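Read off the chains here:
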Amino acid sequence: MRQKRFKLAKTVTNYALQTVNNRGKGLERVSRRVAIGARSGPPLEGKGIGQLNEFMASRESAFIDITPEVLLKAYSCGIFPMAESADDPALYWIEPERRGIIPLDRFHLAGRLARTVRSTPFRVVVDRDFDAVIEGCAQPQPGRSRTWINSRIRTLYRKLYERGDCHTVEVYDGESLIGGLYGVSLGRAFFGESMFHRARDASKIALVHLVARLKAGGYRLLDTQFVTEHLRSFGATEVSRPVYHKLLDAALVGEADFTALPVDHPISGETILARLAQG
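We now turn to the structure provided with this report. (Residues numbered from 1 in each chain as written. Predicted model: local features only at pLDDT ≥ 70, side-chain atom pairs only at ≥ 80, totals over all residues. Heavy atoms only, no water.)

## What about the packing of helix H4 (residues 111-119) against helix H7 (residues 202-216)?
Then, in step 1: Put simply, H4 and H7 touch, their axes get as near as 10 Å, and they point 85° apart. Comparing their axes, H7 and H4 come out roughly perpendicular. Here H4 contributes Arg112, Leu113, Thr116 and Val117 to the contact with H7, which in turn contributes Lys204, Ile205, Val208 and His209.
Then, in step 2: Tallied by class, residues from the contact of H4 with H7 come to 4 nonpolar, 2 polar and 2 charged. (Axes fitted to C-alpha atoms, helices over the stretch in contact; angles between N-to-C directions. Helix = DSSP H or I, 4+ residues; strand = E, 2+ residues; numbered from the N terminus. Parallel < 35°, antiparallel > 145°, perpendicular 65-115°, else oblique. Contact = heavy atoms within 4.5 Å. Nonpolar A, V, L, I, M, F, W, Y, C, P; charged D, E, K, R; others polar.)

This is the structure:
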């Protein structure tokens with residue numbers, strides 16, 4: 001099985017840099033946070049290696065270090081890293097044939113969930129405990145017996161979080177973290193990486209809060225990587241690779257503001273629903 005995977009291989013760094021060279025001309029306009037000279041996770045929930053259109057790394061190159069700068073370049077070119085499993089230290093670049101997105105102007109919120117968001121006693125905050133969120137995302141979930149989040153993924157996205165390029169939405173019941181998500185912000189695009197829940201609707205509440213925050217901050221693209229039935233209920237859809245790149249290119253022009261809604265205290269469900277209603 002492993003031999004078969006590696007026969008499909010392209011090297012991690014060479015593929016990333018080749019893609020950057022082919023698509024990334026003029027990247028200096030994308031974001032001041034991307035170092036142009038650098039050389040160096042399923043949808044939001046339930047990623048499955050078997051359904052991916054993958055560019056796998058060779059065994060030797062899969063361990064080459066990936067810096068935050070290279071990772072941001074990769075996102076700006078439409079590719080992202082995943083591991084085969086938590087126990088495999090190798091990382092592979094992924095570029096799906098069909099890309100999952102949630103159109104922010106067509107986000108669907110079911111009536112029952114809207115009532116839950118409005119009345120829930122849960123507390124929702126952002127950017128408080130990245131390590132706890134990624135640990136939650138790495139745990140088995142219903143329909144997901146194993147995780148793709150290995151130690152290198154944890155370290156790499158931790159560095160992005162420290163730079164302000166990666167964000168969390170966290171849902172608490174008292175002092176207990178019961179759900180949340182994390183993703184990468186670049187330009188006016190947000191790339192959802194993973195989400196989890198330990199209580200009913202907790203991850204859904206996190207997603208609703210995320211979308212309200214993205215709309216308030218002027219984002220144009222919410223990338224979910226893939227589409228599950230869970231995400232489809234919110235309006236997620238698949239687009240072809242060429243269409244995705246057009247959407248991505250447009251979203252990389254300008255800067256959105258993840259902090260357009262307060263980050264120093266919880267936001268009420270009533271406030272979130274009012275923001276969504278503004279369109």
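## Observations regarding the sheet that holds strand S9 (residues 221-225)
Then, in step 1: The sheet built from 7 strands is open, its strands ordered S5-S6-S7-S8-S9-S4-S10 with mixed pairing. Only two strands of the sheet have a single neighbouring strand rather than two, namely strand S5 (123-126) and strand S10 (237-240). Mean inter-strand twist for the sheet, computed between neighbouring axes without regard to direction, equals 35°.
Then, in step 2: Two elements, strand S4 (residues 98-101) and S9, share 2 bridges in a ladder whose sense is antiparallel. (Pairing = 2+ DSSP bridges.)

## Points about the environment of Val253
Then, in step 1: Structurally, Val253 can be placed in the loop between helix H9 (241-251) and helix H10 (269-277).
Then, in step 2: Considered as a pair, Val253 and Gly187 are 66 residues apart in the sequence and their alpha carbons are 6.2 Å apart.

## Notes on helix H3 (residues 68-76)
Then, in step 1: With 8 of 9 residues buried, H3 is to be regarded as a mostly interior element.
Then, in step 2: Buried within H3 are the following residues: Pro68, Val70, Leu71, Leu72, Lys73, Ala74, Tyr75 and Ser76.
Then, in step 3: Of the residues trailing H3, Gly78 is marked for its positive phi of about 95°. (Buried < 20%, exposed > 50% of the residue type's maximum accessible area, 1.4 Å probe, protein only.)

## Regarding the pairing of S4
Then, in step 1: One ladder, built from 4 bridges, connects S4 with S10; its direction is antiparallel. Across the sheet, residue Arg99 finds its bridge partner in S10, namely Val239.

## Looking at the nonpolar core
Then, in step 1: Counting residues in each nonpolar core, the largest one holds 43 residues, and the members touching the most others are Leu71, Tyr75, Ile149, Ile153, Tyr157, Tyr182 and Phe191.
Then, in step 2: Those residues in contact with Phe191, other than ones at most four positions away along the chain, are Tyr75, Gly183, Val184, Leu186, Asp223, Tyr244 and Leu248.
Then, in step 3: Grouped together as the second largest cluster of nonpolar side chains are 37 residues, Val126, Ala212, Phe234 and Ile272 included. (Core = buried A, V, L, I, M, F, W, Y, C linked by side-chain atoms within 4.5 Å.)

## A short note on the packing of aromatic side chains
Then, in step 1: Going through the model one piece at a time under the given rule, you end up with 8 aromatic pairs.
Then, in step 2: Centre to centre, the rings of Phe190 and Tyr219 are 6.4 Å apart; their planes meet at 80°, and the pair counts as edge-to-face. Taken as a pair, Phe190 in strand S8 (residues 189-197) and Tyr219 in the loop between H7 and S9 lie far apart in primary sequence, 29 residues in all.
Then, in step 3: Among the residues examined, Phe190 registers a relative accessible area of 0% and is labelled buried.
Then, in step 4: Tyr219 gets classed as buried once you look at its relative accessible area, which sits at 7%.
Then, in step 5: Counting every residue linked through ring pairs, the aromatic cluster contains Phe130, Tyr157, Tyr161 and Tyr182.
Then, in step 6: In this structure, Arg123 is placed above the aromatic ring of Tyr172, and the distance from its NZ or CZ to the ring centre is 4.9 Å. (Phe/Tyr/Trp six-rings, centres within 6.5 Å; stacked < 30°, edge-to-face > 60°. Lys NZ or Arg CZ within 6 Å of the ring centre and 35° of its normal.)

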